[in-house]
Amino acid sequence: MPCDQSLKKKLIVKGFPPVSPYIGVSPTLCYLLKEKKPLCCLQLAQVCEHCSYRNARDYQWQNKTIILAADYASNGIYNFIIPLRAHFRSKTSLNPIILLLERRPDIAFLDAISYFPLVYWMLGSID
């Protein structure tokens, strides 16, 4: 079953992100998955037991995609995602976000973004 097909079965709810890289920062009400996405499903072009898609076109997203290119995953990227998943946007207007990273992100970062709907990463560079 493809990742976004299973996403339809997982409810998108409003809530505060359960994993935050910053301690002491006021939480922002966001759209979140009721259950976090498996870490293997966060990697955009990697086939796993849950997802058979091989590229972004296979997902057939309705909204335009946001691509962020960076050397490595950082707390700044997390802060980039938060307003794009803020509760005041409509669920139907959420844009898929692809993080194009030159280095593999660590598990803590992946765990932090695994609750956000339509957020993926892949290895690569803007070059």
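- Looking up the protein chain in an unreviewed UniProt entry gives the name RCK N-terminal domain-containing protein, with the organism given as Cryptolaemus montrouzieri.
- Per UniProt, the protein chain has the following entry under Subcellular location (unreviewed entry): "Membrane".

### Quick look at the overall build of the protein chain
Then step 1. Looking only at helices and strands, the protein chain features four helices and five strands.
Then step 2. Reading the protein chain from its N end, one meets helices and strands in the order α-β-β-α-β-α-β-α-β.
Then step 3. Sequence-distant contacts in the protein chain: of pairs separated by 6 or more residues, those separated by 24 or more amount to 63%.
Then step 4. In the form shown here, the protein chain has an accessible surface area of approximately 7400 Å², with 54% of it arising from carbon and sulfur atoms.

### Thoughts on the side chain of Gln43
Then step 1. Position of Gln43 relative to the elements: it lies in the loop between strand E2 (30-33) and helix H2 (56-59).
Then step 2. Owing to a relative accessible area of 16%, Gln43 belongs among the buried residues under this scheme.
Then step 3. When sequence neighbours within four positions are dropped, the list of residues in contact with Gln43 reads Arg104 and Trp121.

### Here's the deal with the sheet that holds strand E4 (residues 97-101)
Working definition: the strands of a sheet are paired by backbone hydrogen bonds and lie parallel or antiparallel to each other.
Then step 1. Sheet architecture is open: three strands sit in the order E3-E4-E5, paired in parallel fashion. Two strands lie at the open edges of the sheet, namely strand E3 (66-70) and strand E5 (119-123), each paired on one side alone. Going from strand to strand, the sheet's axes swing by 20° on average, the running direction of each strand aside.

### Considering helix H3 (residues 75-84)
Then step 1. All of the buried residues in H3 are Ile77, Tyr78, Ile81, Ile82 and Leu84. Along the long axis of H3, the arc covered by the buried residues comes to 165°, so they all point the same way.
Then step 2. Considering only its buried residues, H3 is in contact with E2, E3, E4, helix H4 (107-113) and E5.

### Quick word on the pairing of E2
Then step 1. The alternating pattern of E2 places Cys30 and Leu32 on one face and Tyr31 and Leu33 on the opposite face, and all of these are buried.
Then step 2. Two strands pair when backbone bridges link them, and strand E1 (residues 12-15) and E2 are joined in this way by four bridges, in the antiparallel orientation. By the bridge assignment for E2, Gly15 is matched with Cys30.

What counts and how
Residues numbered from 1 in each chain as written. Predicted model: local features only at pLDDT ≥ 70, side-chain atom pairs only at ≥ 80, totals over all residues. Heavy atoms only, no water. UniProt positions renumbered as here; feature names shortened; annotations may be inferred. Helix = DSSP H or I, 4+ residues; strand = E, 2+ residues; numbered from the N terminus. Contact = heavy atoms within 4.5 Å. Areas by Shrake-Rupley, 256 points an atom, 1.4 Å probe, with all protein chains shown as cover. Buried < 20%, exposed > 50% of the residue type's maximum accessible area, 1.4 Å probe, protein only. Pairing = 2+ DSSP bridges. Axes fitted to C-alpha atoms, helices over the stretch in contact; angles between N-to-C directions. Arc of directions from axis to C-beta.

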